[in-house]
Amino acid sequence: MPTWTLVYQGYAPEEERLREALCALGNGYFCTRGAAEWADAHEDAHYPGTYVGGGYNRLVTEISGRPVENEDLVNMPNWLCLTFRIGDDAWFDLADVEIESYRQELDVREGMLTRTLRFKDSEGRETVLASRRIVSMEKPHLAAIEMTITPKNWSGRMTIRSALDGCVINAGVARYSKLNSQHLVPLDAGAENDGVIQLLVETTQSRLMVAEAARTALFDDDSRPLKAETENEVRDGYVARHFTFDISEGEAVRVEKLVALYTSRDRAISHPQTEAVLAAQRAENFNELLHGHKVAWKQLWRRCDVVLDQRERIQMILRVHIFHLLQTVSRNTIDLDVGVPARGLHGEAYRGHIFWDELFIFPFLNFRIPELTHSLLRYRHRRLDEARAAAKEEGYRGAMFPWQSGSDGREETQSMHLNPKSGRWLPDLSRNQRHVNIAITYNLWQYWQASGNNGFMSIFGAEVMFEICRFWASIAHYNPERERYEIHGVMGPDEYHEKYPDSDEPGLRNNAYTNVMVAWSMEAALRILDSLLPYRREELREEINLTDEEVSVWAEMSRKMFVPFHDDGIISQFLGYEALKEFDWEGYRKKYGNIARLDRILEAEGDSADHYKLSKQADVLMLFYLFSEDELTRIFNNLGYELTPDLIRRNIEYYGLRTSHGSTLSNIVQSAVNSRYDRESSWKTFCEALESDIYDIQGGTTPEGIHLGAMAGTVDLVQRCYTGIEIRDGILFFNPRLPVQLGAIDLALRYRGLWIDVRVTSFEIAISPRNSAHHELVKVGVRDKVYFLKPGYRRVFSLTDPE
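So, how was this worked out
Residues numbered from 1 in each chain as written. Predicted model: local features only at pLDDT ≥ 70, side-chain atom pairs only at ≥ 80, totals over all residues. Heavy atoms only, no water. Helix = DSSP H or I, 4+ residues; strand = E, 2+ residues; numbered from the N terminus. Rg over C-alpha atoms; globule rule 2.2 N^0.38 Å. Buried < 20%, exposed > 50% of the residue type's maximum accessible area, 1.4 Å probe, protein only. Contact = heavy atoms within 4.5 Å. Lys, Arg positive; Asp, Glu negative; His and termini not counted. Charge placed at Lys NZ, Arg CZ, Asp CG, Glu CD. Salt bridge = Lys/Arg side-chain N within 4 Å of Asp/Glu carboxyl O. Pairing = 2+ DSSP bridges. Axes fitted to C-alpha atoms, helices over the stretch in contact; angles between N-to-C directions. Left-handed = near helix turned anticlockwise from the far one by under 90°. Nonpolar A, V, L, I, M, F, W, Y, C, P; charged D, E, K, R; others polar. Core = buried A, V, L, I, M, F, W, Y, C linked by side-chain atoms within 4.5 Å. Parallel < 35°, antiparallel > 145°, perpendicular 65-115°, else oblique. Phe/Tyr/Trp six-rings, centres within 6.5 Å; stacked < 30°, edge-to-face > 60°.

A. Looking closely at the overall build of the chain. The secondary structure content of the chain amounts to 20 helices and 34 strands. For a compact globule of 803 residues, the expected C-alpha radius of gyration is about 28 Å, and the chain comes in at 28 Å, within 12% of that figure. Counting only C-alpha atoms and orienting by the principal axes, one finds that the chain spans roughly 90 × 70 × 60 Å. Counting across all 803 residues of the chain, residues that qualify as buried make up 63%. Contacts spanning at least 24 positions in sequence make up 68% of the contacts within the chain whose residues lie at least 6 apart. Of the side chains in the chain, 93 bear a positive and 120 a negative charge, and the two mean positions are spaced by 4 Å.

B. Broad picture of the side chain of asparagine 432. As for its placement among the helices and strands, asparagine 432 is situated in the loop between strand 21 (424-427) and helix 8 (436-451). Here asparagine 432 is in contact with Gly489, Val490, Met491, Pro506 and Gly507, once residues within four sequence places are set aside.

C. Molecular detail of the pattern of salt bridges. This model, assessed by the stated rule, comprises 61 salt bridges. Measuring nitrogen to oxygen at the nearest pair gives 3.7 Å for the salt bridge that ties arginine 207 to glutamate 202. It is possible to trace a salt-bridge network through shared partners that takes in Asp385, Arg388, Arg397, Glu463, Glu467, Arg470 and Glu550.

D. Examining the sheet that holds strand 4 (residues 50-52) more closely. In spatial order, the strands read 2-3-4; together these three strands make up an open sheet with antiparallel pairing. The open sheet has two edge strands with one neighbour each: strand 2 (25-26) and strand 4. By the bridge criterion, two bridges tie strand 2 to strand 3 (residues 30-32) in an arrangement that is antiparallel. Opposite leucine 25, over in strand 3, you have threonine 32 as the bridge partner.

E. Main features of the packing of helix 5 (residues 358-366) against helix 6 (residues 370-382). Put simply, helix 5 and helix 6 touch, their axes get as near as 8 Å, and they point 145° apart. Handedness of the crossing formed by helix 5 with helix 6: left-handed. Across from Glu358, Phe362, Leu365 and Asn366 in helix 5, the residues of helix 6 making contact are Pro370, Leu372, Thr373, Leu376, Leu377 and Arg380. In the contact of helix 5 with helix 6, the residues fall into six nonpolar, two polar and two charged.

F. Fine view of the sheet that holds strand 23 (residues 484-490). Sheet architecture is open: three strands sit in the order 22-23-24, paired in antiparallel fashion. Of all strands in the sheet, those with a lone pairing partner are strand 22 (476-479) and strand 24 (508-509), marking the two edges. Pairing geometry for strand 22 and strand 23, over four bridges, is antiparallel. Directly across from histidine 477, in strand 23, lies its bridge partner glutamate 486. Sitting on the sheet, helix 9 (residues 454-475) is in contact with strand 22 and strand 23, with an inclination near 45° to strand 22. Along the sheet, helix 12 (residues 548-560) makes contact with strand 22 and strand 23, crossing strand 23 at roughly 85°.

G. Broad picture of the nonpolar core. Within the largest apolar cluster, 219 residues are counted, with the highest numbers of intra-cluster contacts made by Ile160, Trp356, Phe466, Phe624 and Tyr625. Counting residues in each nonpolar core, the second largest holds 20 residues, with Met112, Ala144, Ala260 and Phe286 among its members.

H. Fine view of the pairing of strand 18 (residues 253-263). In terms of burial, strand 18 is largely enclosed, as 11 of its 11 residues are buried. With eight bridges joining them, strand 11 (residues 142-151) and strand 18 adopt antiparallel strand pairing. Opposite alanine 143, over in strand 18, you have valine 259 as the bridge partner. The sheet contact formed by strand 15 (residues 209-219) and strand 18 spans 10 bridges and is antiparallel.

I. Structural view of the packing of helix 4 (residues 312-328) against helix 19 (residues 679-690). Running from amino to carboxyl end, helix 4 crosses helix 19 at an angle of 55°, the nearest separation of the two axes being 10 Å. By the angle class used here, helix 4 and helix 19 are oblique. At the point where helix 4 passes helix 19, the crossing takes the left-handed sense. Facing Ile314, Ile317, Leu318 and His321 of helix 4, the residues of helix 19 in contact are Trp683, Phe686, Cys687 and Leu690. Looking at the contact of helix 4 with helix 19 residue by residue, the classes come out as seven nonpolar, one polar and no charged.

J. Region of the structure containing the packing of aromatic side chains. All told, the structure shown has 38 aromatic pairs when counted by the stated rule. With a centroid separation of 5.5 Å and an interplanar angle of 85°, the aromatic rings of phenylalanine 355 and tryptophan 403 are classed as edge-to-face. Of this pair, phenylalanine 355 sits in the loop between helix 4 and helix 5 while tryptophan 403 sits in the loop between helix 7 (384-393) and strand 20 (416-419), placing them 48 residues apart in sequence. For the pair phenylalanine 583 and tyrosine 612, a centre-to-centre distance of 5.3 Å together with 75° between the ring planes defines the contact as edge-to-face. Remark: tyrosine 612 occurs in the loop between helix 14 (598-604) and helix 15 (621-626) and phenylalanine 583 occurs in the loop between strand 26 (570-571) and helix 13 (585-592); sequence separation between them is 29 residues. On the accessibility criterion, phenylalanine 583 (8% relative accessible area) is buried.

If you want it as structure tokens, here you go:
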């Protein structure tokens, strides 16, 4: 069906890596790129890659005489390897044949990747090849391939080779090519008596053992086992099983390869190698495994689908985005100690690190699978001690979480980065993006509001929240002249401004986004403190030695953070922003065309983005993205600043004109804030954001891994922004603002344990709480009015009637 499938017609080597990222299959435990089964890693075309959540390893490379350490998400052994040859010819390679037809299809409803191709070799032999592939959502350690080969005008001898290849390296990102990339050491490889092949490797530093085992079987046209001569090929880090047989014109041969993957971190196992072999031996056949896999995806879509009216392509891409989110983190992730990598488990960009993208991901999960958000927030709590140590090392109190996080929560941001346009290595000051701590507190608060999980907040969330507030209180200082608190030496979300022009001092003074969000965080922390049961409040205060004086400072900071302004009401991105030069946007667009990465363009010219009023992505506008107009106005009023609807509109217009959208997240924010005043512009920007990975608008980044925050952000735009969802004072409010291009939105939300079906059009909203033994009445708000709804009944509200 067109709204459930991503289809590629024809083979295009130059697009293969992009297709491989977008056609990756995963289950929240591991994910494998959509490379063809017969394809090896090739510099120009293919890059098979398999990644396990949390599967990191450190390597050291000597660069210019100094050691540089990097932690990477490791490319695990390639289990896809399944190919063939006719007679004694070379193994199948698309480059050696004439392709008569080629179709590749990703079915996101059933989580299956299929390929169908017809080709003619140099001897004139025509063959049809069809493959189906799944990574089981039902059984997270299993994956399977079915390949069917049909000779159309020939008969002869054929050999199938099914292998597991542990001789792989991390080579998916060209700019990392000079860094050490050999993360795996082979430990064992071999074949069992029943034909199951197995491979065991270990990462060089983290000592993570990874085992794979595969069972391969051949069947004839009538699904009977096919007799074949077999031979095993074993060497260090590689094992294969060869099947040789006669094949006849017009008669298909079907190959099934069932694979098991385990690591030494898995629970309830004796040894990963033992478990992988046993799982491969016990695995059902392809169709039986597919049935359970389909059921698991059916259940996920029942929870997570967002249905749009009359927009086939947009519906399809939105579902592709939901699909990739659920392949990176799913119900299979709930028991794991993992975070959410910014580029998914789909490639090696950003080294698989975790940034602040959860801010764009959790809002969707909070209303669909809140247990999953709970688990992913635990990733931060488990690394609280490392964040405390980082703060202490910098001379601060509390917890300072890193901009880039990996296995243990230390700061993974490098001190230098490469500008590919100039070829120069430059200082990387992005670790000063302390606002990642704001994202964590915001995520904790929003999860608590949506789930009502007081136990989580009491045991885990409050401690993280309080330690982050403690950090902000120690990095801030009180300015007696302004009678306000200030924060210096940090960066906001806009990565173009790392410091002041021509200054040697890193960071900026009084980034508005940071200061306002710190004020909000302090207020939220105080509300959480008050919400705790008295005995737990006393316990926690004892455990972290939280004093009355500290709490008093938090209360004062919630009212007295400094926010800079200029031009009669424009919130200054940071103090001194108004002194920067205006940028020649038109001139640079004429000169370069795509100016999304102005920082690299200007640096290559010997200039710097620090000199100009320009932003890579939304910075001040993040405030309008995270909060409703009413809530943000309340926050500013609490700080003693005026914020009117007219000022909000002026700020949105001002920064919209000065943003290059060099981050895939930026269009998400711009579309959301525009939806309040300019729905036509909001729709246009939403469509651009929707296509960012499908078309690889950044020119080569998506093949290295999808942009998961941007994908989830497009879904959040529909679910939260266009429906106007907001939780205020424990009430779920709706204030819809649909673009005219959207006829209707249908979705199901899980709010504090109760499922609520919602349908929104431009004229009305229908809200239907499902029957529940635990809820007699449900309190919801539509615009500014509050209603009590009875579960099991549907209530329709007009959006055109002022009453």
